[in-house]
Amino acid sequence: MGTTWHGIDIKTWLAITETAVKVLAALFAAMWAVFLLVYLRKRDLINQHIDKEKRALITEELKNKESDLNIRKLEIGIRSQIRVGVDIVVESEEHYETDPVLVFVKIDNQGSKAIILNWRGKDDSPEPPAFTVWAVNFDVNGDASYIKYKDFNVMSTKNPVIRAVSHIVRAGGAETLSFVFKPEKIGLYLLSFRAAADDEVRSEAAQYGVRLPTAWTAKRYVRVTDRPPLPVGHT
């Protein structure tokens, strides 16, 4: 008789053991396959998410670079197209009480694009007066205070009693506006000028985050003194 264990011969036990090992191996292989499937699927999803984030970052970076490039191009274009110089010139350096003071505002378009100086808004409402004279006073501490002396609008070239709507200053050209006022007393006066910038130009620049001045401005002080006495022998 062959060797037995628990009534079952050795060959049978070996066959049972081999079968059990095969079953366990099959179960392990199946579990491993499921694990690999889940793991690889998760890794694929993670990689897809990472790739999506990378593409989004690259796209955003390209958009930012393109936006920066557009802004730089616009800034360069604005600098080359819109360059305006405003200067206030008075007729004489000496001004005496009760004598009229003649003032000339020179607007120089140094750019490559025509500019429009608006004296009225789009709704035909008037802009604030373009030229203002302020009387300057000083207190005991030497601090200055300003009292509005008079406002002046820009008048039509054809008719000096009709208010102008706008002026166009062509590229490379200049415009001179004239004002006159008669001081009532001696002292220091501040002359200030303001011309509204064209809304269309500012709106175009604002789309790219570039801010232009809302107006072209200039200031100047003028001193009004007593008239010097006549030399002896003159009447």
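Residues numbered from 1 in each chain as written. Predicted model: local features only at pLDDT ≥ 70, side-chain atom pairs only at ≥ 80, totals over all residues. Heavy atoms only, no water.

## Some words on the overall build of the protein chain
A count of helical and extended segments in the protein chain gives 2 helices and 12 strands. Ordered by position from the N terminus, the helices and strands of the protein chain form the series β-β-α-β-β-β-β-β-β-β-β-β-α-β. Burial analysis of the protein chain (235 residues in total) assigns 22% to the buried set. Residue pairs at least 24 apart in sequence account for 68% of intrachain contacts in the protein chain once pairs closer than 6 positions are excluded. For the protein chain, the accessible surface area stands at approximately 17,000 Å², while carbon and sulfur atoms represent 57% of it. (Helix = DSSP H or I, 4+ residues; strand = E, 2+ residues; numbered from the N terminus. Buried < 20%, exposed > 50% of the residue type's maximum accessible area, 1.4 Å probe, protein only. Contact = heavy atoms within 4.5 Å. Areas by Shrake-Rupley, 256 points an atom, 1.4 Å probe, with all protein chains shown as cover.)

## Remarks on the pairing of strand β9 (residues 166-169)
Side chains of β9 alternate between two faces, with H167 and V169 buried and S166 and I168 left unburied. In terms of strand pairing, strand β6 (residues 115-118) meets β9 through 4 bridges, oriented antiparallel. Looking at the pairing, L117 lines up with H167 of β9. (Pairing = 2+ DSSP bridges.)

## Some remarks on the packing of aromatic side chains
Going through the model one piece at a time under the given rule, you end up with 7 aromatic pairs. A ring pair is formed by F131 and F152, whose centres lie 5.7 Å apart and whose planes are at 50 degrees; its orientation type is tilted. Residue F131 is located in strand β7 (residues 131-138), and its partner F152 is located in strand β8 (residues 144-152); the two are separated by 21 residues in the primary sequence. For the pair F131 and F152, a shared accessibility class is recorded, and that class is buried. Plain terms: the ring middles of Y149 and Y189 are 5.7 Å apart, the flat faces sit at 70 degrees to each other, and that makes the pair edge-to-face. Of this pair, Y149 sits in strand β8 while Y189 is found in strand β11 (residues 187-196), placing the two residues 40 residues apart along the sequence. Overall, the relative accessible area of 26% leaves Y149 in the partly exposed class. (Phe/Tyr/Trp six-rings, centres within 6.5 Å; stacked < 30°, edge-to-face > 60°.)

## Topic: the pairing of β8
Summarising the sheet, β7 and β8 pair through 8 bridges and their orientation is antiparallel. Counted as the bridge partner of W134 is K148 from β8. Hairpin remark: β7 followed by β8, antiparallel, with 5 residues in the connecting loop; positive phi at G142, about 85 degrees.

## Thoughts on the nonpolar core
Residues V103, W119, F179, L191 and F193 are the most contacted members of the largest nonpolar core, which totals 29 residues. Listing elements by their share of this core, those giving two or more residues are β3 (84-90), β5 (101-109), β6, β7, β10 (174-181), β11 and β12 (215-225). Leave out the neighbours within four places in its chain, and V103 touches I88, V89, V90, F131, L177, S178, F179, F181 and L191. (Core = buried A, V, L, I, M, F, W, Y, C linked by side-chain atoms within 4.5 Å.)

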